[in-house]
Amino acid sequence: MSEEQIKNLEAQFEARIARDEKIEPKDWMPEKYRKTHIRQMSQHAHSEIVGMLPEGNWITRAPSLRRKVALLAKVQDEAGHGLYLYSACETLGVSREELYEQLHSGKAKYSSIFNYPTISWADMGAVGWLVDGAAIINQVPLCNTSYGPYARAMIRVCKEESFHQRQGYEIMIKLANGTPEQKELAQDALNRWWWPSLMMLGPTDAESIHTEQSMKWKLKRKSNDDLRQQFIDQTVPQAELIGLTIPDADLKWNEERQSYDFGEINWDEFWQVVKGHGPMNKERMKARVGAWEEGEWVRDAAMAYAEKKRNRKEKLAI
Amino acid sequence: MKNKNLYNYILGIADNSLILGQRLGSLTGHGPSLETDIACTNISLDLFGQVRSYYQHAAKIAGDNRSEDDIAMLRKEREYVNVLLVEQPNTDFAYTMARQFLFDVYHLSFLQELQKSKDLTLSAIANKSIKEVSYHLRFSTDWIKRLGDGTAVSHQKMQEAIDGLWTYTDELFHQTEADKAMVAEGIGVDVTLLKEAYYEKVGAILEEATLEIPESKWFQKGGKKGIHTEHLGYLLAELQYMQRAYPNMEW
Ligand SMILES: [Fe+2]
Ligand SMILES: [Fe+2]
Ligand SMILES: [Fe+2]
């Protein structure tokens, strides 16, 4: 193809996206589009899978059978999200094994929030309420993203994430209305998860790379700072409603902006965790790599067995 | 308690699902593949769903204001009457699947009989659980075959798991006092009658999986009387942690 032909294709491609048409796996797409999507979707898939660990940590210790069942179902949902996001990635010609390899080698990133420890039952409430809450804010705009398989996966994922968010908030309500000891658990969890949740919406716009291109492709529709503001404005009244205090002395309603002003985010901490030095980065990777390596003989056996079965069938056919 | 035998009988069923569900629940996120992870979590979910129905029924019968959670989480170790098989640890995926399979074969045949119980709640729970447990059995059977007839390594590991767990199978067919009383009333299942078909079915699948049927005739028992292996205490410590650390609260 001549350079001119490619330019032409690219122009048509961008025009389709501008017209809100969906790009499907078999359609022509610029290499950069493909790569960017593999990166973002796999990062999202990895986040779902690594995200199973901090919550899986409380399955055996859930305080009631009802909570245990709900938590199991939630963590199972996250595995399902991982599964369909990996499948969506595979439509772009990359295998799940390759993607795992990138995660395990540290080449691919996942959401930094999962590098914080879950140290009390209240963390199951805070994570659902704040982390799933922030994830929804990030992901709802993606339901209209340009790549068809990603957009469709996001519609399904977002539905379940909002269920998780409500479930988490409901855990917090129960604690906040419980005994003083329970209320303390809830406040402590909010104190620890608030700032990392704000960081989850990404670095401040001045520091954010790839934004412009992503906006064009509808991989991103609002800036990180706008999303963060939306999250704060939505969450502060929810905290107030149940008598919990947001751990930010500078938080104040701004009548003029009709939004909350808030304090300085500790971006040094954010970058420390992103670069692999958060409280649980090593443990999370160890758990993922460990499960993969320990599972190798099982996956090998499944393949060998399937192969034998195929051969037997072929023999029978002859 | 007026209906002590019925109460104990229900615990004898429910505790198995509780302890096995707890074992599987601790694997979530750590499985050999995303698909097996989802499946094991799903089985755990099914079991806990059944557990809730059984304990809610038991709580009504006890009539002493205890909730399903009190019954599940606030007994002492000696008061849990699950079979030893289900409390065995997740040594590796072969053990996990062998434990599942050896229990599922029993569980399904048990529920098929329990469906006929004169206790309508028990019969309804059995009825609802059969679909779930049929799926569990299909899943574990598939893995017995895959690992047994997969690679040399998987074959050896699966054989080891079957050999290791075999000693806990006989207890499934022991009758407790509550069993005998409930069988007499047409409420309970006579587990002694399930034994022959169990070993036939298990044997046939092991054979298909190219595994050897263990010959040992030495069996362990005690779980049904509350005398457990050393593993159970640790499992209960986690299961009961919140209820013990924060007593008398709602969650
Ligand atoms: Fe998710
Ligand atoms: Fe997500
Ligand atoms: Fe979620």
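Just above, that's the structure.
Residues numbered from 1 in each chain as written. Chains lettered and ligands numbered in written order. Predicted model: local features only at pLDDT ≥ 70, side-chain atom pairs only at ≥ 80, totals over all residues. Heavy atoms only, no water.

A.B. asks: Let's hear about the overall build of chain A: which residues, and what values?
C.D. replies: A tally of helices and strands in chain A yields 13 helices and two strands. Overall, the C-alpha framework of chain A stretches about 75 × 55 × 30 Å when taken along its three principal axes. A total of 318 residues make up chain A; the buried ones form 54% of that total. In chain A, the share of contacts with a sequence separation of at least 24, taken over all contacts with a separation of at least 6, comes to 76%. (Helix = DSSP H or I, 4+ residues; strand = E, 2+ residues; numbered from the N terminus. Buried < 20%, exposed > 50% of the residue type's maximum accessible area, 1.4 Å probe, protein only. Contact = heavy atoms within 4.5 Å.)

A.B. asks: How would you summarise empty space enclosed by the protein if you had to cite specific residues and measurements?
C.D. replies: Residue and element names in this part refer to chain A. Within this structure, the stated rule accounts for five cavities of 30 Å³ or more. In this structure, the largest cavity encloses a volume near 80 Å³. The wall of the largest cavity is formed by Glu55, Arg67, Ala70, Leu71, Lys74, Trp121, Met124, Gly128, His164, Gln167, Gly168 and Ile171. Residue assignment for the lining of the largest cavity shows that the elements contributing at least two residues are α4 (65-90), α6 (122-139) and α7 (148-176). (1 Å grid on protein atoms, 1.4 Å probe; cavity = no way out; pocket = protein on both sides within 12 Å on 5 of 7 lines; lining within 4 Å. Points joined across faces, edges and corners; volume = space filled by probe spheres on them.)

A.B. asks: Before we move on, can you summarise the layout of surface pockets with the specific residues and values?
C.D. replies: Residue and element names in this part refer to chain B. Quantified by volume, the second largest pocket comes out at close to 590 Å³. Lining the second largest pocket are 28 residues, with Val81, Thr176, Glu177, Lys224 and Lys225 sitting closest to its centre. Looking at the lining of the second largest pocket, the elements that each hand over two or more residues are α1 (4-25), α5 (93-114) and α8 (177-184). The dominant element in the lining of the second largest pocket, judged by the number of residues it contributes, is α1, at eight residues. Partitioned by chemical class, the residues of the lining of the second largest pocket number 10 nonpolar, seven polar and 11 charged. (Nonpolar A, V, L, I, M, F, W, Y, C, P; charged D, E, K, R; others polar.)

Nothing here speaks to function; it is all geometry.
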